Amino acid sequence: MKLLRENDVWDVIPEPVGSKIVASRWVSKAKGNAQGQAEHYKARLVAKGFSQILGQDYDEIFAPVVRYDSLKLLMAISACKGWRPRQLDVKTAFLYGILKEEVYMDLPEGSRINGMVAKLKR
């Protein structure tokens, strides 16, 4: 929730009349160590987008990926500096996309307010 608030993911607004509200839920996972014991727990909020209908609720699906030119530049810099490239995972990568459509989602469990929904920005 802290990252969602810091990244200004939604506005809390009164539920618009006649709008489709996408449900949300928390998905949790235990991350284990080499012995298989739970070391820490992770949770993420997901919107149940499968309830949306193509052409009615959205027009296209787009997943931004790295530009090939950018990857080539990073590899060239690594080679010049003698660096060994490593894998990088951006935890909040989904937050870099801005929504053009109006998408309304139930507020997450634990922060629900009667009659209010989240208008997604990202």
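Our subject is the structure that appears above.
The model shown is predicted, which means the values in this text are computed figures rather than measured ones.

Draft legend 1. Region of the structure containing the side chain of Ser78. Residue position: Ser78 is located in helix α2 (residues 68-81). By relative accessible area, Ser78 is classed as buried at 11%. Dropping the residues within four chain positions of it, Ser78 is found in contact with Trp83 and Pro85.

Draft legend 2. Summary view of the pairing of strand β6 (residues 116-120). Sheet topology places strand β1 (residues 10-14) next to β6; 5 bridges connect them, and they run antiparallel. Within the sheet, the bridge partner assigned to Val12 lies in β6 and is Ala118. Note that strand β5 (residues 104-105) and β6 share 2 bridges and pair antiparallel. Paired with Tyr104 across the two strands is Lys119, which belongs to β6.

Draft legend 3. Summary view of a nonpolar patch on the surface. A cluster of nonpolar side chains, namely Val66, Tyr68, Leu71 and Met75, defines an oily patch on the protein surface of about 420 Å² accessible area. You can see Val66 is positioned in the loop between β4 (38-47) and α2.

Draft legend 4. Quick look at the pattern of salt bridges. Taken as a whole and judged by the stated rule, the model has 4 salt bridges. Of the charged contacts in the structure, one is a salt bridge between Asp11 and Lys121, with a shortest N-O distance of 3.1 Å. Separated by 110 residues along the polypeptide, Asp11 in strand β1 and Lys121 in the segment after β6 bring together distant segments of the chain. Here Lys119 ties to Glu102 by a salt bridge, and the two come within 3.7 Å at their closest N and O atoms. Taken together, the residues Lys119 in strand β6 and Glu102 in the loop between α2 and β5 connect sequence positions 17 residues apart. Take Lys119: its relative accessible area is 28%, and that puts it in the partly exposed class.

Draft legend 5. Layout of the sheet that holds β5. As summarised here, the arrangement of the 4 strands in space is β1-β6-β5-β2, forming an open sheet in which the pairing is mixed. Each edge of the sheet is formed by a strand with only one pairing partner; in this case those strands are β1 and β2 (21-22).

Reading the values: the criteria
- Residues numbered from 1 in each chain as written.
- Predicted model: local features only at pLDDT ≥ 70, side-chain atom pairs only at ≥ 80, totals over all residues.
- Heavy atoms only, no water.
- Helix = DSSP H or I, 4+ residues; strand = E, 2+ residues; numbered from the N terminus.
- Buried < 20%, exposed > 50% of the residue type's maximum accessible area, 1.4 Å probe, protein only.
- Contact = heavy atoms within 4.5 Å.
- Pairing = 2+ DSSP bridges.
- Patch = residues over 30% accessible without salt bridge, like charges linked within 9 Å, V, L, I, M, F, W, Y side chains within 5 Å.
- Areas by Shrake-Rupley, 256 points an atom, 1.4 Å probe, with all protein chains shown as cover.
- Salt bridge = Lys/Arg side-chain N within 4 Å of Asp/Glu carboxyl O.

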